[in-house]
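Secondary and tertiary structure notes
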Amino acid sequence: MILYLAIVARGVFPAACVVALLASRIAAPRRAARLVVCGALGAVLAGAVGHEAAFARHAVSELAVALRLAALFFTVLALSLVSAPLARSATGRVVAALLGLAVSALSGFQAMELASERSFTATGVLNTEAIVNAAGVGLGLVVVLLAGVALAHAAYRVHRLADGVLFAVLAVLAVLWCGELMLAALQRDWLEVTTLRVRLVAWATAAAPGVVYALMLAGAGLAIAAFVRRSASAPPVGRVSPEIGLRLLAAHRRGARRWRNLGLACVAMLAVGLTYQDVYASRPPTLSEATRVAPDDAGNIRIGVASVADGNLHRFDFIASDGHRVRFFLINRYDAEHVRLGVVFDTCMICGDKGYIQEGNEIICISCNVHLFRPSIGKPGGCNPVPLDHEVDGDAVVIAANALERGAKYFSEVVEIAVADPVSGAKLLNTKAPYQYEFRGRTFFFESQANYDAFRASPETYAADTVSRLWRVQGHVAKEG
Amino acid sequence: MFWRLLRQSFLQGARRKILSGLTVALAATLGMALATLSVGVGDKMAQEMRAYGANIRVVPKGESLSLAVGGLDLNPLKGRETLAEADLPLIKDIFWHNNIIGLSPFLDVQVSLGDKGKARLIGTWFQHDMPMPDGDVFAAGVRTVAAHWQVEGAWPGENAEDQVLLGKSLARRLGLGIGASLSLDAHPVRVVGLLETGGDEDSAIIGPLALAQAIANVPGRVRAIEVSALTVPETELSLRARHNSDALTTAEYDVWYCTAYVSTIAHQIEEAVVNASARPIWQVAAGEGAVIGKMQVLMAVVTLAAFLSAAMGVSALMTATVVERAREIGLMKALGASLAEINAQFLSEAAAIGAAGGLLGCGFGALLSQGISAMVFGQSVPVPWIAVPLVTVAAIVVALAGAAYPARTIARLAPVEVLYGRK
């Protein structure tokens, strides 16, 4: 439910802001305001329907580009509204209305885009999940709508400030649209890929999730500012007695306070839902603590069978010679009477090194949510963890440090350790080394350009005994070869 | 003041309020009864789709063609085509082979029981060590695939060709029990256990696959294979893939193929086994779900009509109230009440009526659904809690919609007219 509330908040709230501020800008009387609200709602729906239609025809990205272009085009036109008396003219209203419609349609489209990765309901028959999710969407739409109306009321009171906010909101949104358009152009080869362009796209993409929070902050600020201003200036009273004047003033204040409270409550509700979703609910599961192991003098790691035979996942980690943190785990595949251990790297050939977690009695791949068939752990294939070479010696499992070294390339996490320059033997930190070179999959670190060049010229001279590391695609070969 | 006016209104016009509340309650009763039936089945279906395991039925391609006309299956290939028993290990050799936790072949054949008439013999593996291409052995058999089968007595031993299970209802019909001897087309067998599944196995004999093959004279062939797999719950992507996997983009296809959806595993089984068609078995979806799914639109239309007439009832009663309280409204206007404040008065009255009627309807509807269920399905259904807020909210919305028109007429009342009594 909160997921869908958050999706509506993220997708539609920016459009509600723009429409509310525009509506107050063109100083619409009550009837026009109603029209604006209806139009915006219709456009949101049209955008959502458009997304589904485009989805069926594989034309989602084309429609996305078209909508963003339209929004951008009308934004450029509408910027002239902010300062000119054009705002009150018919042309100004048409431009403002078109901008509102474009932004609303885009927002409906984006909300559907966000929702399309989720499953709304597992079946077409009415069920609890579908009702709860639909309630989330409905609640989200109602709250966004109320927030928009409250914002429009606030913007009437402080129109100068509202103009500024509108200008800022449109500018920020335009930057985001530009980023998305540039990404689309780069993907379609309409633009040549350059570092600067990729960087701009990356910035815009990284900033996008935060923009809606900034808009909420701006909306709340506007609501408070409008109340403060309202309290300061008396309502227009005609020729009435001072007593009646006071009562009118009190009534107006009460009204203003109600609008402020409504606006703040709506924005707060959206913000809470969105924050909960972003910070808490979408958090990935975390791996259990790993026991750090180091090889003995013979270059082996020995783990007592009895200590890992209880049926739970026992995670260990090992730091490879170049600082890669290699995780592996041991698990009893059968029951306490039949101890047969699965000894595997904590990584999958398909899903990468996200790892596996234990939930109750199930072993689950974090990346793809596959539940593993426990007796098959240790066999290659599917989403099973990559097997790790080992031997069982009496009551201990013996894993060669070299076997773990070979698997170091499966893992991306690197910890800071002291390494030796293979040429000069000088000690340095792997993360701070000025030069590095990869040989047989292992990274070597150098203190100077000269050492680096010397090593590159003939790596075998300095590192002949390096074990070649395996690439991820070789994961299932590990067992045989 | 707001609350005092509201209370007064309910005290004075109680009869009319009760009447409109009952109108709403009637519609809500219907809505609640239908929602209870629908949500109960929908939840069961959703649970099935979200489970981390599923069974897949593999049949020959010709078998899966649907040629049903008027309820009769006219497929000429029905029961003729078979799969090779030798292909079974191929199923454990697909990309997601580690997720396949059990499989068992089936071959059914009509057998004569001598003077006791005819019966259906289902040949299968009870517990069979299947050699794998990589030299391993996989413990296949019906005991993992059909975990819900309840056997009284013992399961037949694997290599004992003369031991069978007897379905409970067939046993009752024949008057036989554990230890009885039977002759299936002149093959003597001994009943070692009685089977209860709730399905059509209850009226069949379950025997070793080799026996069924010998009787049907199709050595090395099977009619169907059931596969039990660990899967990932269905998502939007897998539903689309199930519909048509060719319509996916390359990236989507890769994600789908590399995720253990039941549709992926079925697809890979079809790739591995020649001439096979693999389909997930959705028990609820294929049974009650299909019935409710078809009725759902009809139910929605009926409920909508009921709520619509309730809204009209509320509207009529509310109009009468507005006319009756015209002088009061005029006075409020004259004293400076804003239109919004007067509207709020009437709309909150309607909302309260809607809420009360809705809750009342929920209670009646829950009872009604129990009655319907007892009559139609012969069992009680659990009342889903979610239906209560759903129906109540719907009732409030209906009451508000009904009050919207009378509330608009308030705006047209001029204080001077209603207070003075004439134009």
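Structural data are supplied above this passage.
Residues numbered from 1 in each chain as written. Chains lettered and ligands numbered in written order. Predicted model: local features only at pLDDT ≥ 70, side-chain atom pairs only at ≥ 80, totals over all residues. Heavy atoms only, no water.

Comments concerning the overall build of chain A
From N to C terminus, chain A includes 12 helices and 14 strands. Its C-alpha atoms give chain A principal-axis dimensions of roughly 100 × 60 × 50 Å. The proportion of buried residues among the 481 residues of chain A is 46%. When the accessible area of chain A is evaluated, it comes to approximately 23700 Å², of which 61% is carbon and sulfur surface. Taking the 45 positively charged and 37 negatively charged side chains of chain A as two groups, their mean positions are separated by 21 Å. (Helix = DSSP H or I, 4+ residues; strand = E, 2+ residues; numbered from the N terminus. Buried < 20%, exposed > 50% of the residue type's maximum accessible area, 1.4 Å probe, protein only. Areas by Shrake-Rupley, 256 points an atom, 1.4 Å probe, with all protein chains shown as cover. Lys, Arg positive; Asp, Glu negative; His and termini not counted. Charge placed at Lys NZ, Arg CZ, Asp CG, Glu CD.)

As for the overall build of chain B
Of regular secondary structure, chain B possesses 16 helices and 16 strands. Taking 2.2 N^0.38 as the reference for a compact globule, 423 residues should give roughly 22 Å; the C-alpha atoms of chain B span a radius of gyration of 32 Å, well beyond that estimate. Seen through its principal axes, chain B has C-alpha atoms that stretch 105 × 55 × 35 Å. Of all 423 residues assigned to chain B, the portion counted as buried reaches 47%. Across chain B, every contact between residues at least 6 apart in sequence was considered, and the portion connecting residues at least 24 apart equals 74%. (Rg over C-alpha atoms; globule rule 2.2 N^0.38 Å. Contact = heavy atoms within 4.5 Å.)

Here we look at helix α14 (residues 339-376) of chain B
For α14(B), which comprises 38 residues, the first-to-last C-alpha distance of 52 Å matches the rise-based estimate of 56 Å (1.5 Å per residue) to within 8%. Taken from the residues just after α14(B), B:Gly378 is the one with a positive phi, measuring 70°. (Expected span 1.5 Å × (residues − 1).)

Here we look at the pattern of salt bridges
Residues and elements named next belong to chain A. With the rule as written, the count across this model stands at 24 salt bridges over all chains. For Asp317, the salt bridge goes to Arg292, with nearest N and O atoms at 2.9 Å. Taken together, the positions of Asp317 in strand β3 (residues 314-319) and Arg292 in strand β1 (residues 291-292) put the pair 25 residues apart, joining distant regions of the chain. Its salt-bridge partner being Asp322, residue Arg469 comes within 2.8 Å of it at the nearest N-O pair. Here Arg469 is found in the segment after α12 (459-462), whereas its partner Asp322 is found in the loop between β3 and β4 (325-332), with 147 residues between them in sequence. (Salt bridge = Lys/Arg side-chain N within 4 Å of Asp/Glu carboxyl O.)

A few points about the sheet that holds strand β9 (residues 391-393) of chain A
Residue and element names in this part refer to chain A. Pairing in this open sheet of three strands is antiparallel, and the strands run β2-β10-β9 from one edge to the other. Only two strands of the sheet have a single partner each, and these edge strands are β2 (300-304) and β9. Strand-to-strand, the axes of this sheet are offset by a mean angle of 30°, without reference to chain direction. The sheet contact formed by β2 and strand β10 (residues 396-400) spans five bridges and is antiparallel. From the neighbouring strand, Ile301 faces β10, where its bridge partner is Ile399. (Pairing = 2+ DSSP bridges. Axes fitted to C-alpha atoms, helices over the stretch in contact; angles between N-to-C directions.)

Considerations on the nonpolar core
Grouped together as the largest cluster of nonpolar side chains are 79 residues, with contacts concentrated most on B:Leu103, B:Ile205 and B:Ile269. Take this core: its biggest share by element is five residues, from strand β5 (residues 100-112) of chain B. Leaving out residues up to four positions away in the same chain, B:Ile205 has contacts with B:Leu113, B:Ala119, B:Arg120, B:Leu121, B:Ile122, B:Val164, B:Leu165, B:Leu166, B:Leu170, B:Leu182 and B:Leu184. Core analysis: the next-biggest nonpolar cluster, separate from the first, contains 69 residues, A:Leu21, A:Ala220, A:Leu222 and A:Ala226 among them. (Core = buried A, V, L, I, M, F, W, Y, C linked by side-chain atoms within 4.5 Å.)

Observations regarding the interface of chain A and chain B
Each partner contributes residues to the interface: chain A has 31 residues there, and chain B has 35 residues. Between chain A and chain B the total buried area reaches about 2700 Å² when both faces are included, carbon and sulfur atoms providing 62% of it. Of all residues in chain A, the largest losses of buried area upon contact with chain B belong to A:Val125, A:His371 and A:Phe373, amounting jointly to 20% of the total for that side. For the pair chain A and chain B, the number of links is four residue pairs in polar contact (both at pLDDT 80 or more). In terms of residues, the side of chain A that touches chain B owes the most to one element, helix α5 (residues 128-157) of chain A, which gives four residues. (Buried area = accessible area lost by both parts, 1.4 Å probe. Polar contact = N/O pair within 3.5 Å; in protein donor to acceptor, adjacent residues only side chain to side chain.)

Some details on unusual backbone geometry
Here the phi dihedral of A:Asn369 falls at roughly 70°; this positive angle occurs in a residue that is not glycine. Position of A:Asn369 among the secondary structure elements: in the loop between β7 (362-365) and β8 (385-387). The phi torsion at B:Asn217 lies on the positive side, around 60°, for a residue other than glycine. Position of B:Asn217 among the secondary structure elements: in the loop between α7 (209-216) and β14 (221-222). Judged by relative accessible area, which is 62%, B:Asn217 ranks as exposed.

What about the pairing of strand β14 (residues 442-446) of chain A?
Residue and element names in this part refer to chain A. Burial analysis of β14 places four of its five residues in the buried class, the great majority of the element. Of the pairings in the sheet, the one linking strand β13 (residues 435-439) to β14 comprises five bridges and is antiparallel in character. Bridging from a neighbouring strand, Glu438 pairs with Thr443 of β14. Turn length for the β13-β14 hairpin, with the two strands adjacent in sequence and antiparallel, is two residues, and the turn residue Arg440 shows positive phi of about 50°.

A closer look at the environment of A:Gly179
All names here are of chain A. You can see Gly179 is positioned in helix α6 (residues 159-187). For the pair Gly179 and Val201, spaced 22 residues apart in sequence, the C-alpha to C-alpha distance is 4.9 Å. Aside from chain neighbours lying at most four places away, what touches Gly179 is Val201 and Ala204.

Some points on the environment of A:Ala309
Residues and elements named next belong to chain A. One can find Ala309 in the loop between α9 (305-308) and β3. Distance from Ala309 to Ala130, taken between C-alpha atoms, is 43 Å for residues 179 residues apart in sequence. Residues contacting Ala309, with those up to four places away along its chain left out, are Asn332 and Val339.

Remarks on the packing of α5(A) against helix α8 (residues 242-281) of chain A
All names here are of chain A. Relative to each other, α5 and α8 sit at 140°, their axes nearing to 8 Å. Classified by the angle their axes make, α5 and α8 are oblique. Two packed elements cross with a definite hand, and for α5 against α8 that hand is left-handed. Residues Leu139, Gly140, Val143, Val144, Leu146, Ala147, Val149, Ala150 and His153 of α5 touch α8, and the partners they reach there are Trp259, Leu262, Gly263, Cys266, Met269 and Leu270. (Parallel < 35°, antiparallel > 145°, perpendicular 65-115°, else oblique. Left-handed = near helix turned anticlockwise from the far one by under 90°.)

Notes on the sheet that holds β8(A)
All names here are of chain A. One open sheet accounts for five strands, arranged β1-β3-β4-β5-β8; its pairing is mixed. Among the strands making up the open sheet, the edge pair consists of β1 and β8. Alignment of strand β5 (residues 341-348) against β8, held across two bridges, turns out to be antiparallel. Considered in β8, the bridge of Cys348 is made with Pro385.

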